Amino acid sequence: MKILVLNGPNINMLGIREPGIYGKRSFADLLALLEQTAKEEALELTQFQSNHEGALVDQIQAARGVFDAIVINPAAYTHTSVAVLDALKAAAIPAVEVHISDVDAREPFRQISYAGMYCEKTIKGHGLEGYREAVLYLKEKYGS
Ligand code: CA2
């Protein structure tokens, strides 16, 4: 099973600031967690992070026919990007949305998710472990 893990703007800054909200673990820790999950679960996980909306849209479009599922944390684009939502709809691949923080307990503007209107599940507030949970959910549901 091939899963694409997409991360939006500033996720590469994890661990550098705002540990009270996002925890102390770094982006490198997230990559290591994904690598370990891929090994343990015998899955092919490809990670892509970008600070650019169009680059994320390009990756989602290119995933069609290549990946079996998508795990996406669109970061700030969660709350603004109809383009990411439309790309997910166009690619039509099963997708789970992940948020490191509990967006529902934060500012009202973080409680709107465009990507979430496509994703079949949202995991929020579980820190980096949320990514593993998303991968395991997709494996259980769509893995052979
Ligand atoms: O909780 C999440 O995973 C978010 O998607 C993270 C985004 C935020 O805009 C969303 O509302 C919720 C932010 C990504 C990381 O931003 C940082 C900001 C300062 C220092 C380190 C990372």
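What comes next concerns the included structure. In this numbering scheme, every chain counts its residues from 1 along its sequence in written order. For this predicted model, a pLDDT threshold of at least 70 governs which residues receive local features, and a threshold of 80 or more governs which side-chain atom pairs are given and counted, while totals over whole chains, interfaces and linings are taken from all residues. Based on all heavy atoms of the structure, the side-chain values leave hydrogens and waters out of the count.

1. Points about the side chain of glutamate 97
- Examined against the element boundaries, glutamate 97 turns out to sit in strand β4 (residues 95-99).
- Relative accessibility thresholds used throughout: buried, under 20% of the residue-type maximum; exposed, over 50%; partly exposed, between the two (1.4 Å probe, protein chains only). Positive charges are assigned to Lys and Arg, negative charges to Asp and Glu, while His and the chain termini are left out of the count. We define a salt bridge as a contact between a side-chain nitrogen of Lys or Arg and a carboxyl oxygen of Asp or Glu at a distance within 4 Å. Within the buried set, glutamate 97 has no salt-bridge partner at all; the shortest N-O distance to an opposite charge, 6.6 Å, is to lysine 124.
- Any pair of nitrogen or oxygen atoms within 3.5 Å is treated as a polar contact; in protein, a donor-acceptor pairing is required on top of that, and neighbouring residues in sequence qualify only through side-chain atoms on both sides. Polar side-chain contacts of glutamate 97 include one of 2.5 Å to the side chain of serine 113.
- In this structure the side chain of glutamate 97 is engaged in a polar contact, spanning 2.6 Å, whose partner is the side chain of threonine 122.
- What makes two residues a contact is simply this: any of their non-hydrogen atoms within 4.5 Å. Once residues lying within four places of it in the same chain are set aside, the contact partners of glutamate 97 are Ile72, Thr78, Ser113, Gly116, Cys119, Lys121, Thr122 and Ile123. Where helices and strands are cited, they refer to DSSP runs of H or I of at least four residues and of E of at least two residues respectively, numbered from the N terminus.

2. Looking at the pairing of strand β1 (residues 2-7)
- When you tally the buried positions in β1, you get five out of six residues, the bulk of the element.
- Strands pair, by our definition, only if DSSP identifies at least two bridges between them. Of the strand pairs in this sheet, β1 and strand β2 (residues 44-49) are connected by six bridges, and their pairing is parallel. Paired with leucine 6 across the bridge in β2 is phenylalanine 48.
- With five bridges joining them, β1 and strand β3 (residues 69-73) adopt parallel strand pairing. Counterpart to leucine 6 in the pairing with β3 is isoleucine 72.

3. Describing the environment of threonine 80
- Looking at the secondary structure, you find threonine 80 in the loop between β3 and α4 (82-91).
- For threonine 80 and glutamine 111, which are 31 residues apart along the polypeptide, the C-alpha to C-alpha distance reads 11 Å.

4. A closer look at the site of the ligand
- A single heavy atom is enough: if one lies within 4 Å of a molecule or strand, its residue is considered near that molecule or strand. The local shell around the ligand holds 16 residues, among which Asn73, His79, Ile100, Ser101 and Arg110 are the closest.
- Contacts to the ligand include asparagine 73, whose side-chain N or O atom sits 2.8 Å from an oxygen atom.
- Contact distances for the ligand include 2.6 Å between an oxygen atom and a side-chain N or O atom of serine 101.

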